[in-house]
Amino acid sequence: MSTIGSLEEFQPVSLQQEGDEQPSETDHLSLEEEDPGKDPVPRPMSRQSSVTESTLYPNPYHQPYVSRKYFVTRPGAIETAMEDLKGHIAKTSGETIQGFWLLTEIDHWNNEKERLLLITDRTLLICKYDFIMLSCVQLQRIPLSAVYRICLGKFAFPGMSLDRRQGEGLRIYWGSPEDQSLLSRWNPWSTQVPYATFTEHPMKYTSEKFLEICKLSGFTSKLVPAIQNAHKNATGSSRGKGLVVLTEPIVIETYTGLMSFIGNRNKLGYSLAQERRAELK
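If you look the protein up in an unreviewed UniProt entry, it shows as Tumor protein p63 regulated 1 from Oryctolagus cuniculus. Word for word, the UniProt comment on the protein under Sequence similarities (unreviewed entry) is "Belongs to the TPRG1 family."

Structure below.
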């Protein structure tokens, strides 16, 4: 992979606007071509209409100095990940993939984690993908027929919590939180959590492509009917209870949040390029 230079390597460019009074090079040439014996007669200066107004920085869909830090935005990275997962699903289950999404998972300790999500006709797959090494690290399979509740809403925290998070998210339940053990609830590395919480990826506005695959509403609009179809087609012991979709606050039960503050501030849950130090020892 190519390395990314520091911001100091990129020099600002001054764009000359139409209102600038400085004559252009063609304006000087128009005066020099006059007869030297005559007084120069000013000619009307024709200026080409500006074509830069609609593309002046900043463009909300193009933030190169920020987006280049995230390896998922590197050319070909997201496409390679999708092809890897397509091949894996074709070999293991042969299920039909209904869509890919790039979202941020928020665990029960408020830690952010970059995730690829896939919906098939029977399964929700949550993939931890290393966009630096371009390899799947972990793949969690959740039968759609086991999902019985989806909550949409703003994030909320206990009244005594020092931890806070703005924005909205989506929580998917395939088990009851009441059945979760106390050890699992207070273990930040526990994988025995019967639900998953997601929000939009920070690179959503990088490009039109990422705007589409990072949109939480787009993921929800595909997930809900897929779960309903899975419940309808399930038989015997795999038949679920039905799906309930609620709009309510999504509570994250953290209080001090020191670990998540450090991790989220430094984006430790993402495949991220570390900034080059100003001085090398």
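1. Points about the layout of surface pockets
Roughly 830 Å³ of volume is contained in the largest pocket. Lining of the largest pocket is provided by 34 residues; of these, E105, D107, K113, R115 and Q138 occupy positions nearest its centre. Of all elements in the fold, only strand 1 (97-106), strand 2 (112-120), strand 3 (123-130), strand 4 (135-143), strand 7 (195-200) and helix 7 (258-265) reach the threshold of two or more residues within the lining of the largest pocket. At 5 residues, strand 3 tops the list of elements feeding residues into the lining of the largest pocket. Across the lining of the largest pocket, the residue classes tally to 15 nonpolar, 11 polar and 8 charged.

2. Section: the environment of Q138
If you trace the backbone, Q138 turns up in strand 4. The exposure class of Q138 is partly exposed, given its relative accessible area of 44%. Between the C-alpha atoms of Q138 and R115, which are 23 residues apart in sequence, the distance is 10.0 Å.

3. Here we look at the packing of aromatic side chains
The tally for this structure, following the rule as stated, stands at 5 aromatic pairs. With centroids separated by 5.7 Å and ring planes inclined at 80°, the aromatic side chains of Y70 and Y270 adopt a geometry described as edge-to-face. Of this pair, Y70 sits in the loop between helix 2 (64-67) and helix 3 (77-92) while Y270 sits in the segment after helix 7; the two residues are 200 residues apart in sequence, bridging distant segments of the chain. With respect to class, Y70 is no different from Y270; both count as buried. Aromatic side chains F198 and F219 sit 6.4 Å apart centroid to centroid with 65° between the ring planes, which places their arrangement in the edge-to-face category. Of the two residues, F198 sits in strand 7 while F219 sits in helix 6 (residues 216-233), which places them 21 residues apart along the sequence. Each member of the pair, F198 together with F219, is buried. A cation over a ring is seen here: R165 above F155, with NZ or CZ 5.9 Å from the ring centre.

Rules and cut-offs
Residues numbered from 1 in each chain as written. Predicted model: local features only at pLDDT ≥ 70, side-chain atom pairs only at ≥ 80, totals over all residues. Heavy atoms only, no water. UniProt positions renumbered as here; feature names shortened; annotations may be inferred. 1 Å grid on protein atoms, 1.4 Å probe; cavity = no way out; pocket = protein on both sides within 12 Å on 5 of 7 lines; lining within 4 Å. Points joined across faces, edges and corners; volume = space filled by probe spheres on them. Helix = DSSP H or I, 4+ residues; strand = E, 2+ residues; numbered from the N terminus. Nonpolar A, V, L, I, M, F, W, Y, C, P; charged D, E, K, R; others polar. Buried < 20%, exposed > 50% of the residue type's maximum accessible area, 1.4 Å probe, protein only. Phe/Tyr/Trp six-rings, centres within 6.5 Å; stacked < 30°, edge-to-face > 60°. Lys NZ or Arg CZ within 6 Å of the ring centre and 35° of its normal.

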